[in-house]
Amino acid sequence: MNLDQEDTQKNDPADSEAQMSISRRAALSRAGVFGASLMAARPAAMAEGSDGSRPTTRKLKIIVAGGHPGDPEYGCGGTIARFTDLGHEVVLLYLNEGDWMENSAETRVAEAKAACEILKTRPLYAGQRNGHAIVDETHYEAFGKLVLAEKPDAVFTQWPVDSHRDHRAISMLAFDAWRQSKRAFALYYYEVSNGEDTLQFSPTSYVNFETTESRKRAACFAHASQTPDRYYALQDQVAKFRGLESGCARAEAFVRMAQNPFDVLSVFAKA
Ligand SMILES: [Zn+2]
């Protein structure tokens with residue numbers, strides 16, 4: 001989207017009004033997450049997504065979407081393990097099965113299954129072909145249905161400025177699902193293999209994953225056919241840099257949409 005288009009969208013009063021009412025509805029529909037009394041006290045703040053309250057009163061459902069098996073694990077493995085340690089449910093939604101050249105779908109799916117077991121999550125596939133992502137009306141609708149059927153509280157997806165077409169595709173599809181949901185869930189972006197894949201990423205949120213680093217590493221190395229030595233070393237440099245930025249040894253970083261109805265990362269806030 002260029003600047004002109006963005007300005008046009010911002011200045012469309014009909015769109016603004018519709019979004020305001022959608023945000024309010026989305027916030028109200030989450031009363032079960034935050035508790036009715038809190039919602040009654042702070043509905044406006046919730047609608048703006050600026051409320052720092054902790055959605056800990058029930059189990060959350062989180063989807064982490066990625067272009068290929070391995071992307072969610074490399075970008076968010078530490079955070080995923082922290083969510084599942086707290087009893088929240090996480091689904092890894094892969095755009096395709098990752099089969100390519102000598103790497104069969106059977107091998108890649110088995111690796112993803114092992115990675116998911118390490119992180120106490122489960123795999124889900126969007127049925128596209130590796131390297132041949134399609135983003136059109138039919139696929140927007142199908143992907144939206146798949147996501148909404150899971151009734152997620154939050155979706156994490158890849159950043160749209162990325163060298164890989166499949167990564168850009170999953171980002172577009174996830175953003176559209178968020179729009180289809182009328183922003184009923186929170187949307188976040190994550191980074192992978194910065195410089196090679198993710199570009200121009202400027203985080204808004206950080207999760208310290210020192211306590212779950214070994215499981216993230218094991219989940220990434222479960223993708224044994226994908227030269228994990230090389231890619232984990234690169235991702236670990238990113239994690240250490242994000243740790244420097246946020247004051248810990250290793251962190252995963254995210255871009256949180258300002259319009260989110262709430263912030264699921266607040267479950268990690270220190271008491
Ligand atoms: Zn990928």
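Bear in mind that the values here come from a model prediction, so they are computed numbers and not experimental data.

K.L.:
How do you make sense of helix α10 (residues 213-221) when you look at a structure like this?
P.N.:
Along an α-helix, residues three or four positions apart point the same way, because every turn accommodates 3.6 residues. When α10 is considered as a whole, its buried residues turn out to be R215, K216, A219 and C220. For α10, the buried positions fall inside an angular range of 135 degrees around the axis, keeping them on one side. In the core, the buried residues of α10 are packed alongside α6 (71-85), α7 (105-119) and α11 (228-246).

K.L.:
I tried to follow the pairing of strand β4 (residues 154-158) on my own but got confused; where do I start?
P.N.:
Along any regular strand, the residues point their side chains to alternate faces of the sheet. In terms of burial, β4 is a largely internal element, five of the five residues being buried. Bridging between strand β1 (residues 61-66) and β4 involves three bridges; their strand directions are parallel. In the sheet register, I62 faces β4, and the bridge partner there is A154. The pairing of β4 with strand β5 (residues 186-190) spans five bridges and is classified as parallel. By the bridge assignment for β5, A154 is matched with A186. Each parallel crossover has a hand, and for β4 linked through helix α9 (residues 165-180) to β5 it is right-handed.

K.L.:
So what exactly am I meant to see when it comes to the sheet that holds strand β2 (residues 89-96) here?
P.N.:
What links the strands of a sheet is backbone hydrogen bonding, and the strands pair in either a parallel or an antiparallel sense. Spatially, β3-β2-β1-β4-β5-β7-β6 is the arrangement adopted by the seven strands of the open sheet, whose pairing is mixed. Every other strand in the sheet has two partners, leaving β3 (122-128) and β6 (205-208) as the edge strands with one partner each. The sheet shows a mean angle of 30 degrees between the axes of neighbouring strands, taken without regard to direction. Contacts from α11 reach β6 and β7 (251-256) within the one sheet, and its direction differs from that of β7 by about 75 degrees.

K.L.:
Please explain the nonpolar core as it appears in this structure.
P.N.:
The nonpolar side chains of soluble globular proteins are, as a tendency, buried together. Grouped together as the largest cluster of nonpolar side chains are 56 residues, with contacts concentrated most on V64 and V155. Each residue touching V64, except ones within four places of it in the same chain, is listed here: P72, C76, I80, V90, L92, L93 and F156.

K.L.:
Whenever I open this one, the environment of H88 confuses me. Can you help?
P.N.:
With respect to the helices, strands and loops of the structure, H88 is situated in the loop between α6 and β2. Distance from H88 to K61, taken between C-alpha atoms, is 6.3 Å for residues 27 residues apart in sequence. With residues near it in sequence (within four places) discarded, H88 still touches K59, L60, I62 and F83.

K.L.:
What am I meant to see in helix α8 (residues 137-149) here?
P.N.:
Helix length check: α8 (13 residues) gives 18 Å between terminal C-alpha atoms against 18 Å at 1.5 Å per residue, within 8%. Just downstream of α8 lies K151, where phi reads positive at about 50 degrees.

K.L.:
Looking at this structure, I do not really get the packing of α7 against α10. What am I missing?
P.N.:
Helices that pack against each other are described as a pair by the angle of their axes relative to one another and the distance between those axes. α10 packs onto α7 with a crossing angle of 170 degrees between their chain directions and a minimal axis gap of 8 Å. If you check the angle between α7 and α10, you find them roughly antiparallel. Here A115, I118 and L119 of α7 come into contact with α10, specifically with R215, A218 and A219. Its residues assigned to classes, the contact of α7 with α10 comprises five nonpolar, no polar and one charged.

K.L.:
Can you help me understand the packing of α6 against α10 in this one?
P.N.:
Put simply, α6 and α10 touch, their axes get as near as 8 Å, and they point 140 degrees apart. In terms of axis orientation, α6 runs oblique to α10. Remark: the crossing between α6 and α10 carries right-handed chirality. Across the interface between the two elements, E73, Y74, G77, G78 and A81 of α6 pack against E213, R215, K216, A219 and C220 of α10. Residues belonging to the contact of α6 with α10 are distributed by class as follows: four nonpolar, two polar and four charged.

Definitions and limits used
- Residues numbered from 1 in each chain as written.
- Predicted model: local features only at pLDDT ≥ 70, side-chain atom pairs only at ≥ 80, totals over all residues.
- Buried ≥ 20, exposed ≤ 12 C-beta atoms within 10 Å, placed from the backbone.
- Helix = DSSP H or I, 4+ residues; strand = E, 2+ residues; numbered from the N terminus.
- Arc of directions from axis to C-beta.
- Contact = placed C-beta atoms within 7 Å.
- Pairing = 2+ DSSP bridges.
- Right-handed = clockwise from strand over helix to strand, strands pointing away.
- Axes fitted to C-alpha atoms, helices over the stretch in contact; angles between N-to-C directions.
- Core = buried A, V, L, I, M, F, W, Y, C linked by C-beta atoms within 7 Å.
- Expected span 1.5 Å × (residues − 1).
- Parallel < 35°, antiparallel > 145°, perpendicular 65-115°, else oblique.
- Nonpolar A, V, L, I, M, F, W, Y, C, P; charged D, E, K, R; others polar.
- Left-handed = near helix turned anticlockwise from the far one by under 90°.

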